[in-house]
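Chain residues, written in single-letter form:
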Amino acid sequence: MKILYIYTWPLDFGKYKLTESPKTEFGFYTMKRLGIDITSYSIDRNNFIIKKLLSINSQLFGAILTQLGCLKHAKHYDCIYVGYDMHLLPLALAKALGICKKPIFVLSHFKYNSHYTRNLLKKLYKKIERFFVFKYIDCISFASERLLLVASGGGKIDERQKNVAYWGASLDFFNKNIYKEKPTNNYFVAAGGMNRDYATLVQAFGKCPELNLKVFAVYKDYTKNIDIPDNVQFINLMEGNSLNKAYKLLRNYYYNCIAILLPIDYINDVPNGATVLVEALAMGKPIVITDAETNYIDVEKEKCGIVVNSHDVNGWINAIRYLKSHPHEANEMGQKSYRLAIEKYNDTNFVKTIYGQIKQMINK
């Protein structure tokens, strides 16, 4: 079985060692290590026309050009696998028009539920995209059970699309067992830069001077117009470090923290903070997250964390003070996080699951 994996950036398999980097690119690197016949395709970013289009809108044209560009190569493969979170209308239309004749397998990061889209034009686009994707893509596997649940609330889903992949972090890299000393547990960690409500979190810690917070955000300057108290640090791990070293530093901070915090600003069609969340599971840490139906997992149902109402300063204060003053309960939450990572949400289980789903799709 030959798989064509499409990605908007070139991938270098030899660059990332198993225990030196957490990068799996949604199973691509792991499949390569297992000897699975998978080849990546990405656009030529040095091409003059492509470069011009990317300069207008890198994300939009990157996704469109990658999907259309892969079609001329697909005939040499048994299927196309889309693991990266890109909107798939071009590929679905190509399938509908008979331009693409190969089966397509998609790992869905989206819920395809327009209820969580505010803008009317985006809501209309979402409905159109959902129709074509669900009708013409051969097999969709949702990254988590909760994503499938929310997607089902947006309309009828065919049985062939009701799959769950259990995407998770690399346990070879995010491995808490490599540490010999016990964690210090003397600060909280927040990480990630997309759709984060750091303003509320900073206010909460401003009222808890006895607690410390380290924020690792690289996408955006969240400190702008915010008074940062002495017990809060914003740290860019990429300053002066290679990507692999930055990940190792982040892993150390994860290991020694009390809990990992995910303050989400607003609800949308993607499970914001999912990467940080699965890393928290792998490191066996409690999770505090803004309450939203669209979260990657329900941390309270799984008994591995606490949910806080949106923009609720007092809610965050209560959650962080509770975890600090109840180390036994925090430890139990962390153990449940780790068990969830071991049993479900890890890269090895994810690859095993989707490879079986891809084989089943091709056989059908």
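Residues numbered from 1 in each chain as written. Predicted model: local features only at pLDDT ≥ 70, side-chain atom pairs only at ≥ 80, totals over all residues. Heavy atoms only, no water.

### As for the overall build of the protein
To keep things clear, this is the line we draw: Helix and strand assignments follow DSSP, with helices taken as H or I runs no shorter than four residues and strands as E runs no shorter than two, numbered in order from the N terminus. The globule rule used for comparison is 2.2 Å times the number of residues to the exponent 0.38, while the radius of gyration itself is calculated over C-alpha atoms. For each residue, the accessible area found with a 1.4 Å probe, counting protein chains only, is set against the maximum for its type, and the residue is called buried under 20%, exposed over 50%, and partly exposed in between. The contact rule is simple, with two residues in contact once any of their heavy atoms fall within 4.5 Å. Per-residue accessibility takes into account occlusion by the displayed protein chains alone, with areas from the Shrake-Rupley method and a 1.4 Å probe.
Counting its secondary structure elements, the protein contains 12 helices and 12 strands. Relative to the 2.2 N^0.38 estimate, which gives 21 Å for 364 residues, the radius of gyration of the protein is 21 Å and therefore close to what a compact globule would have. Expressed as lengths along the three principal axes of its C-alpha atoms, the size of the protein is roughly 65 × 45 × 45 Å. Here the protein holds 364 residues, and the buried ones make up 52% of them. Look at the contacts in the protein between residues 6 or more apart in sequence, and 70% of them connect residues 24 or more apart. Only carbon and sulfur atoms are counted for the fraction: they give 51% of the accessible area of the protein, which is about 17,400 Å².

### Re the packing of aromatic side chains
Geometrically, a pair of aromatic rings is defined through the distance of the ring centres and the angle of the planes. Note the following rule: When the centres of two rings from Phe, Tyr and Trp lie within 6.5 Å, Trp using its six-membered ring, the rings pair. Their planes under 30 degrees apart give stacked, over 60 give edge-to-face, and anything left gives tilted. Should the NZ of a Lys or the CZ of an Arg lie within 6 Å of a ring centre and within 35 degrees of the ring normal, that charge is described as sitting over the ring.
Here the structure, examined in full by the defined rule, presents 20 aromatic pairs. Judged by centre distance (4.1 Å) and plane angle (10°), the rings of Tyr179 and Tyr255 are stacked. Taken together, the positions of Tyr179 in the loop between β6 (163-164) and β7 (188-191) and Tyr255 in helix α8 (residues 243-256) put the pair 76 residues apart, joining distant regions of the chain. You can call Tyr255 buried: its relative accessible area is 9%. Taken together through their ring pairs, the aromatic side chains of Tyr5, Tyr7, Phe28, Tyr29, Tyr81, Tyr84 and Phe105 make up a single cluster. Seen from the ring of Tyr136, Lys135 lies directly overhead, with NZ or CZ sitting 5.6 Å from the centre. For Lys176, the ring lying beneath its charged end belongs to Tyr338, and the centroid distance is 4.1 Å.

### Quick word on the packing of helix α9 (residues 274-282) against helix α11 (residues 327-343)
Cut-off, in case you're wondering: Axis geometry follows a simple rule: fit a line to the C-alpha atoms, using only the stretch in contact for helices, then measure angles between N-to-C directions, giving values from 0 to 180 degrees. Each angle is binned into one of four classes, with values under 35 degrees roughly parallel, values over 145 roughly antiparallel, values of 65 to 115 roughly perpendicular, and all other values oblique. Polar here means any residue outside two lists: the nonpolar Ala, Val, Leu, Ile, Met, Phe, Trp, Tyr, Cys and Pro, and the charged Asp, Glu, Lys and Arg; Gly therefore counts as polar.
Contact geometry of α9 with α11 gives a least axis separation of 7 Å together with a crossing angle of 105°. On the basis of their axis angle, the class for α9 and α11 is roughly perpendicular. Residues Ala280, Leu281 and Ala282 of α9 touch α11, and the partners they reach there are Ser337, Tyr338, Leu340 and Ala341. Here the residues of the contact of α9 with α11 are counted per class, giving 6 nonpolar, 1 polar and no charged.

### Comments concerning the sheet that holds strand β4 (residues 104-108)
In plain terms, the rule: Strand pairing is defined by DSSP finding a minimum of two bridges between the two strands.
Taken in spatial order, the 6 strands make up an open sheet running β2-β1-β3-β4-β5-β6, and their pairing is parallel. Unpaired on one side and paired on the other, β2 (38-41) and β6 mark the two borders of the sheet. Of the pairings in the sheet, the one linking strand β3 (residues 79-82) to β4 comprises 3 bridges and is parallel in character. Bridge pairing links Tyr81 to Phe105 in β4.

### Some words on the confidence of the model for the protein
To keep things clear, this is the line we draw: For every residue, the predictor reports its confidence as pLDDT, a number between 0 and 100.
Scored by pLDDT, the protein has a mean of 91; 97% of the residues are at 70 or more. When mean pLDDT is taken per element in the protein, strand β10 (residues 260-262) scores highest with 98 and helix α5 (residues 120-136) scores lowest with 87.

### Let's talk about the sheet that holds β10
The strands making up a sheet are joined through hydrogen bonds of the backbone, oriented either antiparallel or parallel. With parallel pairing, the 6 strands of this open sheet are ordered in space as β9-β8-β7-β10-β11-β12. Each edge of the open sheet carries a strand with a single partner, namely β9 (232-235) and β12 (305-308). Strand-to-strand, the axes of this sheet are offset by a mean angle of 20°, without reference to chain direction. Relative to β12, strand β11 (residues 287-290) runs parallel, the two sharing 4 bridges. From the neighbouring strand, Thr290 faces β12, where its bridge partner is Val308.

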